[in-house]
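# Remarks on the overall topology
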Amino acid sequence: MALELWHEWNSVHSYKVRMVLAAKGLAWTSHPVALLRFEHTLPAYLAINPEGVVPTLLHDGRALYDSSPICEYLDEVFRETPLRPVDALGRLHMRRWLKFHDDVAHAAVRDASFELLYKPVLAAMPRAELDILVARHPLPERRRKFIDGAHPSIDHAKLTTSLLAARAVAARIDATLHAQAAPERQGWLLGGAFTLADIAMAPFAERIANLGCGFVWDGLPAGAAWSVRVLAQASVQQARPPEKERLPVPTDAIRAEAKHQLVTDPRYPSSAKPNPH
């Protein structure tokens with residue numbers, strides 16, 4: 001059964017679907033869609049996905065949208081290497097993590113991604129070329145955001161607020177792992193098995209690593225260990241962007257300033273602040 005994926009290498013939602021394909025050993029045809037060149041707004045792509053979002057999976061010619069439903073669809077249709085719990089309650093908790101990523105975790109790192117990863121790309125484009133590309137976007141407020149982002153200066157207020165939200169996500173992961181009663185069941189978000197819950201949140205761990213902001217895990221040992229563990233999974237590694245497509249990690253100086261702004265912010269949890277002595 002033919003599988004074709006229209007995806008963006010650095011899209012966290014595309015990453016989820018690639019992980020499921022890798023975990024199940026499924027062959028698929030890759031159709032990269034460059035979001036920063038607004039290829040998702042071109043008529044050729046809109047003919048496949050009228051919503052103009054990535055990813056889109058074509059399975060035997062049928063177009064499927066939205067990454068979380070696609071992940072469940074693949075697990076249901078291709079039964080080898082199951083990624084969903086066998087019990088209804090387990091599947092409910094799994095879907096809560098899928099929803100949590102889509103509604104909360106993705107939003108938490110959105111501004112940090114824009115400030116640290118996307119701005120340098122936009123700033124490097126010739127302004128005339130950027131104007132032509134941005135004009136394709138149907139939403140005026142999004143067009144303005146990209147135009148305003150075409151300079152290298154970081155908005156530290158936006159960045160810190162985003163990293164505070166990311167810290168809250170990391171704390172929830174850590175608390176979930178700590179709440180697992182039996183040590184032998186600890187390790188994955190639903191206990192002893194790697195599931196779609198971990199695949200749902202792996203893009204968060206990957207994006208924090210790509211941002212060079214691993215300090216959001218400071219003082220959260222269970223969450224930090226999960227991040228290392230999930231990023232080491234073979235399927236997670238295989239689904240990562242190729243090195244030539246990967247957005248560059250910010251410089252040491254930028255990362256150090258981002259950490260300083262975060263930990264000195266009055267909203268940062270006092271229990272997590274570094275000991276000044």
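Along every chain, residues carry numbers that run from 1 in the direction the sequence is written. Only residues with pLDDT of at least 70 get local features here, since the model is predicted, and only at 80 or more are side-chain atom pairs given and counted; chain-wide, interface and lining totals rely on the full set of residues. Think of the side-chain values as coming from all heavy atoms in the structure, minus any hydrogens and water.

### Brief notes about the overall build of the chain
Looking only at helices and strands, the chain features 11 helices and four strands. Its C-alpha atoms give the chain a radius of gyration of 19 Å, near enough to 19 Å, the size a compact globule of 277 residues would have. Dimensions of the chain, computed from the C-alpha atoms along their principal axes, are close to 60 × 55 × 30 Å. Partly exposed residues are those whose accessible area sits between 20% and 50% of the maximum for their type, while under 20% is buried and over 50% is exposed, using a 1.4 Å probe and protein chains only. Taking all 277 residues of the chain together, 48% fall into the buried category. By definition, residues are in contact when any of their heavy atoms lie within 4.5 Å. Within the chain, residue pairs in contact and separated by at least 24 positions form 71% of the contacts whose partners lie at least 6 positions apart. For helices the rule is a DSSP run of H or I covering at least 4 residues; for strands it is a run of E covering at least 2, with both sets numbered from the N terminus onward. The atom set for the radius of gyration is the C-alpha atoms, and the globule formula is 2.2 Å times the number of residues raised to the power 0.38.

### Overview of helix α1 (residues 12-23)
For an α-helix, the turn length of 3.6 residues means that residues three or four places apart are oriented alike. Expected span of a helix: the number of residues minus one, times 1.5 Å. Helix length check: α1 (12 residues) gives 17 Å between terminal C-alpha atoms against 16 Å at 1.5 Å per residue, within 8%. Within α1, 12 of the 12 residues are buried, which leaves it mostly tucked inside the rest of the structure. Within the sequence span of α1, burial applies to Val12, His13, Ser14, Tyr15, Lys16, Val17, Arg18, Met19, Val20, Leu21, Ala22 and Ala23. Buried residues along α1 sit in contact with β1 (3-7), α3 (67-77), α4 (88-124), α8 (196-211) and α10 (234-239).

### Here's the deal with the environment of Asp155
For Asp155, the position within the fold is in the loop between α6 (140-148) and α7 (156-178). According to the relative accessible area criterion, Asp155 is partly exposed, its value standing at 30%. The sequence separation of Asp155 and Met125 amounts to 30 residues, and the corresponding C-alpha distance is 19 Å. If we skip the residues at most four places from it in the chain, Asp155 touches Glu115 and Lys119. Pairing of N or O atoms within 3.5 Å defines a polar contact, subject to two protein rules: one partner must be a possible hydrogen donor and the other a possible acceptor, and residues neighboring in sequence count only if both atoms are side-chain atoms. Here Ala157 takes part through its backbone nitrogen, which lies 3.2 Å from a polar atom of the side chain of Asp155.

### Observations concerning the nonpolar core
Throughout this description, the term nonpolar core refers to a set of buried Ala, Val, Leu, Ile, Met, Phe, Trp, Tyr and Cys residues connected via side-chain atoms within 4.5 Å. Leu74, Leu163, Ile173, Met201, Phe204, Trp226 and Val230 are the most contacted members of the largest nonpolar core, which has 75 residues in total. When residues of this core are assigned to their parent elements, the largest contribution, 13 residues, is made by α4. The residues touching Trp226, leaving out its near neighbours within four places in the chain, are Ile173, Leu177, Gly187, Trp188, Leu189, Asp198, Met201, Ala202, Ala205 and Trp217. Judged by nonpolar contacts, the second largest core, of five residues, contains Trp6, Val33, Val54 and Leu58.

### Looking at the packing of α4 against α8
Angular values range over 0 to 180 degrees, each being the angle between N-to-C directions of two axes fitted as lines to C-alpha atoms, with helices fitted over their stretch in contact. Where α4 meets α8, the axes come as close as 9 Å, and the angle between the chain directions of the two elements is 10°. In this view, α4 runs roughly parallel relative to α8, as classed from their interaxial angle. In the packing of α4 onto α8, the handedness of the crossing is left-handed. Contacts between α4 and α8 involve Met94, Trp97, Leu98, Phe100, His101, Ala105, Val109, Ala112, Ser113, Leu116, Leu117 and Tyr118 from the first element and Leu196, Ala197, Ala200, Met201, Pro203, Phe204, Arg207, Ile208, Asn210 and Leu211 from the second. Here the angle decides the label: under 35 degrees means roughly parallel, over 145 means roughly antiparallel, 65 to 115 means roughly perpendicular, and every other value means oblique. Take the far helix as your reference; a near helix turned counterclockwise from it by less than a right angle gives a left-handed crossing, and one turned clockwise gives a right-handed crossing.

### Overview of the environment of Val230
As for its placement among the helices and strands, Val230 is situated in helix α9 (residues 221-232). It is 32 Å that separates the C-alpha atoms of Val230 and Phe146, two residues lying 84 residues apart in sequence. Filtering out sequence-adjacent residues up to four positions away, Val230 remains in contact with Trp188, Phe194, Asp198, Ala202, Ala205 and Val236.

### Details of the packing of α7 against α8
Between α7 and α8, the least distance of the axes is 12 Å, while the angle of their chain directions is 130°. In terms of their interaxial angle, α7 and α8 are classed as oblique. Here α7 runs over α8; the crossing is left-handed. Note on element contacts: α8 touches α7 through Met201, Phe204 and Ile208, opposite Ala166, Val169, Ala170 and Ile173. Each residue gets one of three labels, nonpolar for Ala, Val, Leu, Ile, Met, Phe, Trp, Tyr, Cys and Pro, charged for Asp, Glu, Lys and Arg, and polar for the others, Gly among them. Class assignment of the residues belonging to the contact of α7 with α8 gives a composition of seven nonpolar, no polar and no charged.

### A short note on the packing of aromatic side chains
Pairs were defined over the aromatic rings of Phe, Tyr and Trp, the Trp ring being its six-membered one, requiring ring centres within 6.5 Å. Orientation was assigned from the angle between planes: stacked under 30 degrees, edge-to-face over 60, tilted for the rest. Applying the stated criterion across every chain, the model contains seven aromatic pairs. Considering the side-chain rings of Phe38 and Phe146, the 4.9 Å spacing of their centres and the 85° angle between planes classify their relative orientation as edge-to-face. Of this pair, Phe38 sits in the loop between β2 (29-32) and α2 (43-46) while Phe146 sits in helix α6; the two residues are 108 residues apart in sequence, bridging distant segments of the chain. With respect to class, Phe38 is no different from Phe146; both count as buried.

### Notes on the pairing of β1
Within β1, four of the five residues are buried, which leaves the element mostly enclosed by the surrounding structure. Of the strand pairs in this sheet, β1 and strand β3 (residues 56-59) are connected by four bridges, and their pairing is antiparallel. Across the sheet, residue Leu3 finds its bridge partner in β3, namely His59. One ladder, built from four bridges, connects β1 with β2; its direction is parallel. Within β2, the residue paired with Trp6 across the bridge is His31. Running through α1, the crossover from β1 to the neighbouring parallel element β2 is right-handed. Being paired, for any two strands, means DSSP has found at least two bridges between them. Crossovers are described as right-handed under a simple rule: with the strands pointing away from the observer, the path leading from the first strand over the helix to the second runs clockwise.

The values are spatial; any link to function lies outside them.
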